[in-house]
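Summary of the model geometry
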Amino acid sequence: MSELFSTRNPWFTRSVGILVVIAVAAALVGFVWLPRTHNAGAASLWDAICSAAGAPARFQNAALPGEKAVFPSTVVVSADMMGPLTQQEVGRGATLALACTMCHGATGTSPAGTPHLAGQQASSIYKQLADFKSGHRPSVIMQPMVANLSDQDMRDLAAYYASQKRDRPIPARISPATPRLVRNGDPMRNIGACSTCHSPNVQRPATPNLDGMNADYLRTQLRAFHAGTRANDINRQMRNAAHQLTAQEIDELVRYYASR
């Protein structure tokens, strides 16, 4: 019996060799070739092996190339990401803002259905400008506008618009009641209350105030987060919430914030 499983037995050594070759070939097919084929060749060798083994992969947005698909922004958001506004920054920003008046108004209150910038937090404006420049928030209009701006230019623009007061729109005759999603969210669907981030009294870093925004703009952005075509929200907080919203809920939120 010992001679049967001895390396001196040519049949035994050949059988073991064939099994090893089959095992290696199966591993290459199952852990490398098939995963990379299904990922259209985009995955690295290590990513292919991890995918086949069932290890969770990093989130990648198919709408963004390269590192932009993994990291939603180049901006590090913190409470002190923007210093106190200075007159020098506001003055330089006012000069730079002359190129923005056609869409965003003379002082940041938009007449064209684009976002109101007047009175927004400087950190919110700065983050969006930086994301447009880096390509993390694609826009055929904004990307050429910010392509030649330096980091200080974007901070100056943010300081200028943050220092302005927004024109008060004529209030609607009938103000809609505050939606439940704004007050309480929907914990069962992992949707936080909108007011915890977007209330003008909260002042969370890099978070916009939505009150009085153009309805079409708000609807477009919520739908983009819902579909995942806008992906510059850090930690996916907007994509996770908007993905759960129905078309009716999106319209309800749009009417509420546009009317304020």
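Quick caveat: nothing in here was measured; it's all calculated off a predicted structure.

Digging into the overall build of the protein
Within the protein one finds 12 helices and zero strands. Sequence-ordered secondary structure for the protein, helices as α and strands as β, is α-α-α-α-α-α-α-α-α-α-α-α. For the protein, buried positions account for 37% of its 260 residues. Surface summary for the protein: the accessible area is close to 16000 Å², and the carbon and sulfur share equals 60%.

Describing a nonpolar patch on the surface
The grouping of Val-16, Val-20, Val-24 and Leu-28 at the surface amounts to a nonpolar patch, some 320 Å² of accessible area in total. Topologically, Val-16 is positioned in helix α1 (residues 10-38). For Val-16, a relative accessible area of 36% gives the class partly exposed.

Overview of the packing of helix α5 (residues 122-134) against helix α7 (residues 151-163)
The contact between α5 and α7 brings their axes to 8 Å, and the two run at 145°. The hand of the α5/α7 crossing is right-handed. Of α7, the residues touching α5 (which contributes Ala-122, Ile-125, Tyr-126, Leu-129, Ala-130 and Lys-133) are Asp-151, Met-154, Arg-155, Leu-157, Ala-158, Ala-159, Tyr-161 and Ala-162. When its residues are assigned to classes, the contact of α5 with α7 shows 11 nonpolar, no polar and three charged.

Description of the pattern of salt bridges
Counted under the stated rule, the structure contains 10 salt bridges. For Arg-189, the salt bridge is made with Glu-249, and the minimal N-O distance between the two is 2.7 Å. Here the residue Arg-189 occupies a position in the loop between α8 (180-183) and α9 (195-198), and Glu-249 occupies one in helix α12 (residues 247-259), the gap between them amounting to 60 residues. Judged by relative accessible area, Arg-189 falls into the partly exposed class, the value being 23%. Judged by relative accessible area, which is 13%, Glu-249 ranks as buried.

Here's the deal with unusual backbone geometry
Backbone geometry at Gln-203 places phi at a positive 55°, although glycine is not the residue there. Mapping Gln-203 onto the fold places it in the loop between α9 and α10 (215-227). Phi at Asn-235 is positive, roughly 65°, even though this residue is not glycine. As for its position among the elements, Asn-235 is in the loop between α10 and α11 (237-242).

Topic: the nonpolar core
One finds Tyr-126, Leu-129, Leu-157 and Tyr-161 to be the most contacted residues of the largest nonpolar core, which totals 24 residues. Where this core is concerned, the elements lending two or more residues are α5, α6 (142-146) and α7. Considering each element in turn, this core owes the most residues, seven residues, to α7. If we skip the residues at most four places from it in the chain, Leu-129 touches Met-142, Val-146, Met-154 and Leu-157. The next biggest cluster of nonpolar side chains, apart from the first, holds 17 residues, and it includes Leu-218, Ala-241, Ala-242 and Ile-250.

So, the packing of aromatic side chains
Within this structure, the stated rule accounts for two aromatic pairs. Residues Tyr-256 and Tyr-257 carry aromatic rings whose centres are separated by 5.0 Å and whose planes lie at 75° to one another, so their mutual orientation is edge-to-face. Comparing Tyr-256 with Tyr-257 shows no difference in burial state: the two are buried. Note that Arg-155 overlies the ring of Tyr-126, its terminal NZ or CZ placed 4.4 Å from the centroid.

Cut-offs used in this document
Residues numbered from 1 in each chain as written. Predicted model: local features only at pLDDT ≥ 70, side-chain atom pairs only at ≥ 80, totals over all residues. Heavy atoms only, no water. Helix = DSSP H or I, 4+ residues; strand = E, 2+ residues; numbered from the N terminus. Buried < 20%, exposed > 50% of the residue type's maximum accessible area, 1.4 Å probe, protein only. Areas by Shrake-Rupley, 256 points an atom, 1.4 Å probe, with all protein chains shown as cover. Patch = residues over 30% accessible without salt bridge, like charges linked within 9 Å, V, L, I, M, F, W, Y side chains within 5 Å. Salt bridge = Lys/Arg side-chain N within 4 Å of Asp/Glu carboxyl O. Axes fitted to C-alpha atoms, helices over the stretch in contact; angles between N-to-C directions. Left-handed = near helix turned anticlockwise from the far one by under 90°. Contact = heavy atoms within 4.5 Å. Nonpolar A, V, L, I, M, F, W, Y, C, P; charged D, E, K, R; others polar. Core = buried A, V, L, I, M, F, W, Y, C linked by side-chain atoms within 4.5 Å. Phe/Tyr/Trp six-rings, centres within 6.5 Å; stacked < 30°, edge-to-face > 60°. Lys NZ or Arg CZ within 6 Å of the ring centre and 35° of its normal.

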